[in-house]
Structures are given as structure tokens and as C-alpha cells.
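A look at the structure
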Amino acid sequence: MAEQEALCDIGFIGLGVMGKNIALNLADNGYKIAGFDLDHHRIDDLIEEDALERGEQEPRIIACQSYTQLLSKLKAPHLIILSIPAGSAVDDVCLKLIDAGIKADDIIVDTGNSLWTDTIEREKRYQGKFIFFTTAVSGGEVGARFGPSLMPSGDPYAWARIEPVWHAISAKVEPETGRALERTHHTQPLTVGEPCATYIGPAGSGHYVKMVHNGIEYADMQMICEAYHIMRESLAMTPVEIAAVFRQWNKGVLNSYLIEISSEVLEHFDDETGKPLVDIILDKAGQKGTGLWTAVSALQIGAPATTIAQSVFARSLSTLKHARVRASNFLVGPNVEQVKESEKAQCIEQIHDALYCSKIVAYAQGFQLIKLAAREQKWPIDFGGIAKIWRAGCIIRAAFLQKITDAYDRDSDLGNLLLDEYFAGEIAKYQNNWRQAISHATITGIPCGAFSSALAYYDSYRTENLPASLLQGQRDYFGAHTFERVDKPLGKKYHIKWTDQDRPMVEVD
Ligand code: 6PG
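Residues numbered from 1 in each chain as written. Predicted model: local features only at pLDDT ≥ 70, side-chain atom pairs only at ≥ 80, totals over all residues. Heavy atoms only, no water.

Re the site of the ligand
In the region of the ligand, 14 residues are neighbours, and Ser 138, Lys 210, Glu 217, Tyr 218 and Lys 288 sit closest. Within the side chain of Ser 138, an N or O atom sits 2.5 Å from an oxygen atom of the ligand. Contact with the protein chains removes 80% of the 420 Å² of surface that the ligand exposes when unbound. The element that contributes the greatest number of residues to the shell around the ligand is helix α9 (residues 205-233), accounting for five residues. Residues belonging to the shell around the ligand are distributed by class as follows: two nonpolar, eight polar and four charged. Residues lining the shell around the ligand come from more than one domain, with at least three contributed by each of domain 1 (2-203) and domain 2 (211-461). (Near = heavy atom within 4 Å. Polar contact = N/O pair within 3.5 Å; in protein donor to acceptor, adjacent residues only side chain to side chain. Areas by Shrake-Rupley, 256 points an atom, 1.4 Å probe, with all protein chains shown as cover. Helix = DSSP H or I, 4+ residues; strand = E, 2+ residues; numbered from the N terminus. Nonpolar A, V, L, I, M, F, W, Y, C, P; charged D, E, K, R; others polar. Domains from an automatic or database assignment.)

Here we look at helix α3 (residues 40-54)
Between its first and last C-alpha atoms α3 spans 22 Å; for 15 residues at 1.5 Å apiece the expected length is 21 Å, and the two agree. Taken together, the buried positions of α3 are Ile 43, Leu 46, Asp 50 and Arg 54. End-on, the buried residues of α3 take up no more than an arc of 60 degrees, which puts them together on one face. In α3, the exposed residues that point more than 90 degrees away from the buried face are His 41, Glu 48 and Leu 52. (Expected span 1.5 Å × (residues − 1). Buried < 20%, exposed > 50% of the residue type's maximum accessible area, 1.4 Å probe, protein only. Arc of directions from axis to C-beta.)

A short note on the sheet that holds strand β10 (residues 194-195)
Reading across from one edge, β9-β8-β10 is the order of the three strands in this open sheet, with antiparallel pairing throughout. Across the chains shown, the open sheet's two edge strands, defined by having one partner strand only, are β9 (180-181) and β10. In this structure, strand β8 (residues 172-173) lies alongside β10, joined through two bridges in antiparallel fashion. Within β10, the residue paired with Lys 172 across the bridge is Pro 195. (Pairing = 2+ DSSP bridges.)

What about the pairing of strand β1 (residues 10-13)?
The side chains of a regular strand alternate between both faces of the sheet. Neither face of β1 is left uncovered, since the one carrying Ile 10 and Phe 12 and the one carrying Gly 11 and Ile 13 both have all their residues buried. Relative to strand β2 (residues 33-36), β1 runs parallel, the two sharing four bridges. Directly across from Phe 12, in β2, lies its bridge partner Gly 35. In this fold, the crossover linking β1 to β2 by way of helix α2 (residues 17-28) has right-handed handedness. Sheet analysis places β1 next to strand β4 (residues 79-82), joined by three bridges and oriented parallel. Residue Gly 11 lies in a different strand from β4, and its bridge partner there is Ile 80. (Right-handed = clockwise from strand over helix to strand, strands pointing away.)

Section: the pattern of salt bridges
In this structure the tally under the stated criterion is 28 salt bridges. Salt-bridge contacts for Asp 413 lead to Lys 371; the nearest nitrogen and oxygen are separated by 2.9 Å. Of this pair, Asp 413 sits in the loop between α18 (400-410) and α19 (421-444) while Lys 371 sits in helix α16 (residues 344-377), and the two are 42 residues apart along the sequence. On the basis of relative accessible area, Lys 371 is assigned to the buried category, the value being 13%. Residues Arg 462 and Asp 459 are paired through a salt bridge, measuring 2.8 Å at the closest nitrogen-oxygen approach. Three or more residues are tied together by salt bridges with common partners; here these are Asp 28, Asp 50, Glu 53, Arg 54, Arg 60 and Arg 145. (Salt bridge = Lys/Arg side-chain N within 4 Å of Asp/Glu carboxyl O.)

This is the structure we're talking about:
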């Protein structure tokens, strides 16, 4: 009995930045952890850090030197959390745990940014050997430590087991307002509020939702960068002045984590040169792949996530630094004067509204993409539930998410966020400024692909008759690809015999 009491609640594998912080968060919430990392120093450092912080108390985390030892330290059935790089490393660890003797009712939870289709494969592959469950995590290292947003999916039995754990460690919000609740002391868990962790659905769905979260994150970041770029180039504002504008915006409808951190980055100066940090950082954007996966999935499904895809392409274009430097001396732009001081305030307001309207469109695209994927995969997704768990803890957390939550409360089956009365009204109010900001950037030669693609999406979506009719005519002309008629039942196909002199129309079976 004494030995049973000493056993740990959770096995934790992978103690990099994210893993270490999730493990500490679990420990704060009273779970005893058996930790393992291929780099043994990591677990030793973690235990030392925890002991230093908490003084002479019973250790909350114990070090394991092998997978077998890890299993021997856990209560049965075992609950093991992985925080390791996505890809083959996940299977390597799963196979090692099978060799070490993991059982059919043990649970392994993958918390990395895995590709959703890999997750579906893994759930099948490991059936009967152990239960493969996943939980996508958002919030970066601070979120992991003090309250991330969690997107779990997979076996409902495993969910029943892990639900109290995730509810304990996740970010929390005031249910009515959606306001994030802060932990007052970092080793004291937060026991009140609505947890930002909800079961998404069958295997793959949680990682799909997280992937789209990241696609929206790409769009949100790119749009903030475009707002910065117009202010910097056309309004000749300094990074510090732009930071002040962002701080102001953060008090209104654009209130969000990404706006907040953008102002902090813009206010920072490089120690070595004394220059604004943003002028020292090389303008080549990196990416780990989740934005690209979102764009690829959107293309495959036929979901028009144009602003998300544009934001991925904007990163790709940024990496062509060498070519851009050469082109900047070769390709001419428009010859225009800077905005007059007296017009600046109005211009800033237009940029604000462009960012706000584009942001609404990016979220509309993301939710529409999830809706189409859910239909294809037969996932019963609760869209309001997703908006709720993104209200705090995750990278795209924003006051705005409460409005999306409200929209899905009004209509849980909403086809597109733009059709919600609140968002339709907001765009109607601010669209003139949105158009002005884009036309100003276009005339002055400042790229704003995310703003423009969002506006083009909005204008296409609200247009009854698109020129796709001409496109269908072109396709029929060169490839006999057929078309439907507006005045005949849907599904009936027609073709013009373009090479015949009279060009007769025929019905095609
Ligand atoms: C999060 C982040 C996280 C990670 C991104 C970065 O939600 O916590 O999205 O998952 O920081 O993967 O992605 P890129 O390196 O592609 O920008």
C-alpha cells in the first residue's frame, strides 16, 4: 500500500520548453509527475529548479532514466503525456513504450503540433496496444506554465480520464464576459472560471482545429504587420509611435495578445546598436508548417481561406531577401508624397478599421474551413465551444472571441461568421475606411496582401453574380467541360459544340 501511494499520477516525456512548463503546471495542480527526456540533464535541471523554487518540500517530479522505469513509477492504468516534436519522434516513443510493456488500457496523449492525418493513422495503428489520444496546445511557454488553451480529441474513454487534468491546468475565463482570469501566484492553481479546454471530437479533429488556429494566427500576425508597414512607410512614424497606436487599439475592439506583444516588440531597442529592435531583425519570416498545412487543406477541401493562404505566401515572399534587395534597385514603384501631418489621424483610423474588418474575415475563413472539414470527416463540432476555448490561453486570444462565442450562441449552425448580424453590422460600419486604407496602400506602393485578400473575399462572398459564368464558358470552349444553366434544374449539364458552325447547345448526361 505504501508503495502504491508513492506512485506517480502522470508520466511525462519530453521536457523541452513547452514540456517542462506543462509538467510544472500539472505539478502545481497536485499531480505527481514521473519525467523522462532523452537528454537526462533536462529532467535534472527541472527537478533542481522546482526544488529551489519550493524549498524543502516533498518532490513533485521524479526523474526516470528509461521508459521501463517510467512505467514502473506510474499508477495503473498509466497516463503518459508526450511533449515532443511532431512527426516520426511520436512513433519512436510509442514503439519504445510498447517494448517497455505499455498495456491496452494505458493512455498516451500527444500534445505536439502533429499533422491531423497522422493522428488519425496513429489512433488506428495503436489500437489494442494502448489508447492513443491527442491534445493540441496553444499558448507558448508562458501559456503552458500558467494556463494554455487545450484542444483534445480522440477516444471518449481517454477523454473522461484526462478531462479533470486538462480542466485543472488550462486557462480560465469569466463565463459571461470571456475575460481571462489571472493566476495570482504562480504555484497556486486557478480553481474558478470556465476552463479553456473542451473535447473537440474524434481522432484528428483537435489537431485540425489547432492547425486552423495557427492559420488564423498567421493571418492575424501578417495583418498587424501590414498595419505597421503602412504607418511606418506612408505616415513616416517611428516604431515607438506605432507601438503607442497599438497600445491605444488594444483598449478597443482590437484588444488581443498579438497586438499587445507587437507593441512590446516595437518599443524594444537593440542593446548593441541602440536602434529599434525591429530595424535589426532580418525581415525573413520563418515557419514550422502549420499555416502551410491549413492553406493546403483549404485548397484540397475547396474552402476559400484566401487571407490565411496569403499570409503563408507573405512569409515565403519575405524569405526572398536577396532577390528583393536587387529588385528594389530595379523595379520602380509609384512616385507619391507622404501623408500630410493634418491627415495622419484619419489615416490611422482607416488602418485600424482595415485591420478590424480583415480580422473578421480571417476568422470567418478559419471557421468556414473547419465547418467544411467537419462535414467531410463527419466530426460533430461545436463551433461555439471552439470560440470559447480560444478566449484565453492561446496565441490568438482576443476580446473579439467573445463576440464569436455570442454569434454561435445565436446560431450554433452559422454557415459563415459574416452572416451573423453583429459582424455584418460591424463591417457595414467600417468598410469605407477598410477600402480607403487599402487604396491608400496600393496607390503608395505598400504591399497589403492580407488586407486586400480579405476585402476581395468579402466582396466576392457578397456578390450574387460572379464572372465564374465566363470562366465556365471558357472551360467548355477549350475542354468540353460543360456548364449548368441558371434557368434549368441544378445538376443538368450543357455543352456548346463550339466547332460546329451553328454552335448548337446539347444536354450532356
Ligand atoms: C501556439 C503557437 C505554437 C507555435 C507555432 C509557431 O498556438 O502556441 O501557434 O503552436 O508557436 O507553431 O508557428 P510558426 O513557427 O510556423 O510561426
